[in-house]
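This is what each chain is made of:
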Amino acid sequence: MYLSVLVALGPLYYGTIVQLTTGVPWGDKPASNTVLLLIDLFVTLLMAGSLWLVFGSKLVTEIKSDGIHVRFKPFLRKEKVITSEQIERFEVMKYSPVTDYGGWGVKSGRKGKVLNVSGNKGLLLVFKNGKKLMIGTHRPEAIKHAMNKMMKRYE
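Residues numbered from 1 in each chain as written. Predicted model: local features only at pLDDT ≥ 70, side-chain atom pairs only at ≥ 80, totals over all residues. Heavy atoms only, no water.

Draft legend 1. Local environment of the packing of aromatic side chains. Across all of its chains, the model carries one aromatic pair by this definition. Aromatic pair Y95 and Y101: ring centres 5.8 Å apart, planes at 80°, arrangement edge-to-face. In this pair, the class of Y95 matches that of Y101, namely buried. (Phe/Tyr/Trp six-rings, centres within 6.5 Å; stacked < 30°, edge-to-face > 60°. Buried < 20%, exposed > 50% of the residue type's maximum accessible area, 1.4 Å probe, protein only.)

Draft legend 2. Structural view of the pairing of strand β1 (residues 58-64). Both β1 and strand β2 (residues 67-73) contribute to a ladder of seven bridges, which runs antiparallel. In the strand pairing of β2, K58 is matched with K73. The hairpin turn running from β1 into β2, its antiparallel successor, is two residues long. (Pairing = 2+ DSSP bridges. Helix = DSSP H or I, 4+ residues; strand = E, 2+ residues; numbered from the N terminus.)

Draft legend 3. How the structure looks around the environment of N120. Tracing the backbone through its elements, the reader meets N120 in the loop between β6 (112-116) and β7 (121-127). By relative accessible area, N120 is classed as partly exposed at 29%. For the pair N120 and P97, spaced 23 residues apart in the sequence, the C-alpha separation amounts to 6.3 Å. Not counting chain neighbours up to four residues away, the residues in contact with N120 comprise M93, K94, Y95 and P97. (Contact = heavy atoms within 4.5 Å.)

Draft legend 4. A look at the sheet that holds β7. Strands sit in the order β4-β7-β8-β6-β5 across an open sheet of five strands; the sheet is mixed. In the strand order of this sheet, the two ends are held by β4 (87-94) and β5 (105-109), each with one partner. When strand polarity is set aside, the average angle formed by the axes of neighbouring strands in this sheet is 20°. Pairing analysis gives three bridges linking β6 to strand β8 (residues 132-136), with the strands arranged parallel. Counted as the bridge partner of K113 is L133 from β8. Across the face of the sheet, helix α4 (residues 140-150) comes into contact with β4 and β7 while running at roughly 165° to β4. (Axes fitted to C-alpha atoms, helices over the stretch in contact; angles between N-to-C directions.)

Draft legend 5. Representation of α4. All of the buried residues in α4 are P140, I143, M147, N148 and M150. Angularly, the buried residues of α4 cover 160° about the axis, an arc narrow enough to put them on a single face. Exposed side of α4, more than 90 degrees from the buried face: E141, H145 and K149 are the residues found there. Against the buried residues of α4 lie β1, β2, β4 and β7. (Arc of directions from axis to C-beta.)

Draft legend 6. Main features of unusual backbone geometry. Of the consecutive residues K73 and P74, the connecting peptide bond is found in the cis state with omega at 5°. Mapping P74 onto the fold places it in the loop between β2 and β3 (80-82).

Draft legend 7. Spotlight on the environment of D100. Among the structural elements, D100 can be located in helix α3 (residues 97-101). Taking the C-alpha atoms as reference points, D100 and K111, separated by 11 residues in sequence, lie 6.2 Å from one another. Residues contacting D100, with those up to four places away along its chain left out, are Y95, G109, R110 and K111. Among the polar contacts listed, one links the side chain of D100 to the side chain of K111, at a separation of 3.4 Å. (Polar contact = N/O pair within 3.5 Å; in protein donor to acceptor, adjacent residues only side chain to side chain.)

Keep in mind these numbers describe shape, not what the thing actually does.
This is how it looks when you write it as structure tokens:
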């Protein structure tokens, strides 16, 4: 990820420094110093925002007696609560984030909705209305145990 930032910002900063320090215009159609600095600022803020979204996103799933509490900051503002009455069935499974859902984050794919940050294991919820939701997890055994307890199923 950091390499991507360097590849994007490196040439831009180099050109800006060359143009500002030597007075030699940079590029085939050079921008003024002010415009070049504004472009630097815009691209830097865009990259910083992207990094913040990638590294600052946090998916928290808590399974309690009243339901599954899901928070996915900064994408979902409010906590979502899914009650056991809404769930037809569930499965803890491996999946392919890219081919099944189009990647990580909050997405809708050919297999339903997904909330995930990384990895390829998740809790698949099939609702009584037929809709599906995959919630990513790094603790598949713990989530399976908690779901069985919430749904009052014991193995």
